[in-house]
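# Report on the structure
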Amino acid sequence: KAGVTQTPRYLIKTRGQQVTLSCSPISGHRSVSWYQQTPGQGLQFLFEYFSETQRNKGNFPGRFSGRQFSNSRSEMNVSTLELGDSALYLCASSQPREFGNNEQFFGPGTRLTVL
Amino acid sequence: AQSVTQLDSHVSVSEGTPVLLRCNYSSSYSPSLFWYVQHPNKGLQLLLKYTSAATLVKGINGFEAEFKKSETSFHLTKPSAHMSDAAEYFCVVSASGYSTLTFGKGTMLLVSP
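The notes below deal with the structure included here. On a predicted model such as this, the values are computed, not experimentally measured, just so you know. (Residues numbered from 1 in each chain as written. Chains lettered and ligands numbered in written order. Predicted model: local features only at pLDDT ≥ 70, side-chain atom pairs only at ≥ 80, totals over all residues. Heavy atoms only, no water.)

All right, on to the environment of Arg73 of chain A then. Residue and element names in this part refer to chain A. Considering the arrangement of structural elements, one finds Arg73 in the loop between β7 (64–68) and β8 (74–78). Since its relative accessible area comes to 23%, Arg73 is described here as partly exposed. Not counting the four nearest positions on each side in its chain, Arg73 is found in contact with Ser22, Cys23, Ser24, Pro25, Arg67 and Gln68. A polar atom in the side chain of Arg73 sits 2.8 Å from the side chain of Ser22. (Helix = DSSP H or I, 4+ residues; strand = E, 2+ residues; numbered from the N terminus. Buried < 20%, exposed > 50% of the residue type's maximum accessible area, 1.4 Å probe, protein only. Contact = heavy atoms within 4.5 Å. Polar contact = N/O pair within 3.5 Å; in protein donor to acceptor, adjacent residues only side chain to side chain.)

Further remarks concern unusual backbone geometry. Residue and element names in this part refer to chain A. Geometrically, the link from Thr7 to Pro8 is a cis peptide bond, its omega value of -10 degrees lying close to zero. Its identity as a non-glycine residue notwithstanding, Ser51 has a phi of 50 degrees, on the positive side. Relative to the helices and strands, Ser51 is located in the loop between β5 (42–50) and β6 (53–57). For Ser72, which is not a glycine, the phi torsion comes out positive at approximately 75 degrees. Tracing the chain through its elements places Ser72 in the loop between β7 and β8.

Attention now goes to the layout of surface pockets. Here the largest pocket is characterised by a volume of approximately 350 Å³. Around the largest pocket, the lining comprises 18 residues; the ones closest to its centre are Gln37 and Pro39 of chain A together with Gln38, Glu88 and Phe90 of chain B. Those elements giving two or more residues to the lining of the largest pocket turn out to be β4 (31–38) of chain A together with β10 (87–95) of chain B. Looking at the lining of the largest pocket, the element that brings in the most residues is β10 of chain B, giving 3 residues. Lining the second largest pocket, in full, are Leu43, Gln44, Phe45, Asn56, Lys57, Gly58, Asn59 and Phe60 of chain A together with Thr100, Leu101, Thr102 and Phe103 of chain B. (1 Å grid on protein atoms, 1.4 Å probe; cavity = no way out; pocket = protein on both sides within 12 Å on 5 of 7 lines; lining within 4 Å. Points joined across faces, edges and corners; volume = space filled by probe spheres on them.)

On the secondary structure map, Asp85 of chain B appears in the loop between β9 (73–78) and β10. Not counting chain neighbours up to four residues away, the residues in contact with Asp85 of chain B comprise Phe63, Lys78, Ser80, Leu109 and Val111 of chain B.

Here it is, written out as structure tokens:
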């Protein structure tokens, strides 16, 4: 079974631009979560999607948004980029929590650098 | 609310000696607990998980962890370190049955020859 894939792996943007990151979950997984990893703040939860609906959201400004498609693939978007948005963005997929298994499988991440 | 405290930001061991990475948690709910490992420029890999079954959990690559409710701890151990174990390790908690993970700050494990 293929793992979680994220594209692109590396991205360089300038302040004020916007960016879209993509995540394809493991086949059969319907829940996708996004996390931001920075040296200062560590790993922080951004949001979770299931069946094209956002189920949970972390404490991030509205510039961070996401969506999920009918095939469970997910995208996250960051508008009006700031230098502090430079981070590794990790996507994780899992079975729905109703299945009783909340184990998450992580992709390799997208390294975003904002100049 | 839930939180995780990893008691050491860095741990240095020699190859062949035991490893102990310490983690304390706080959770309002019956928790699920995980240890993940992250090698440089890689994503996170699950080492092991506790989900209210056996308190001693065995994971991959010889790692194990013991859930101690009275001490709210979930320390990670390995009898003999290998050079390939050098990486950053994260202790993680979630409310049982819920997807959102709360991560500790991480412990960097350094292994010297």
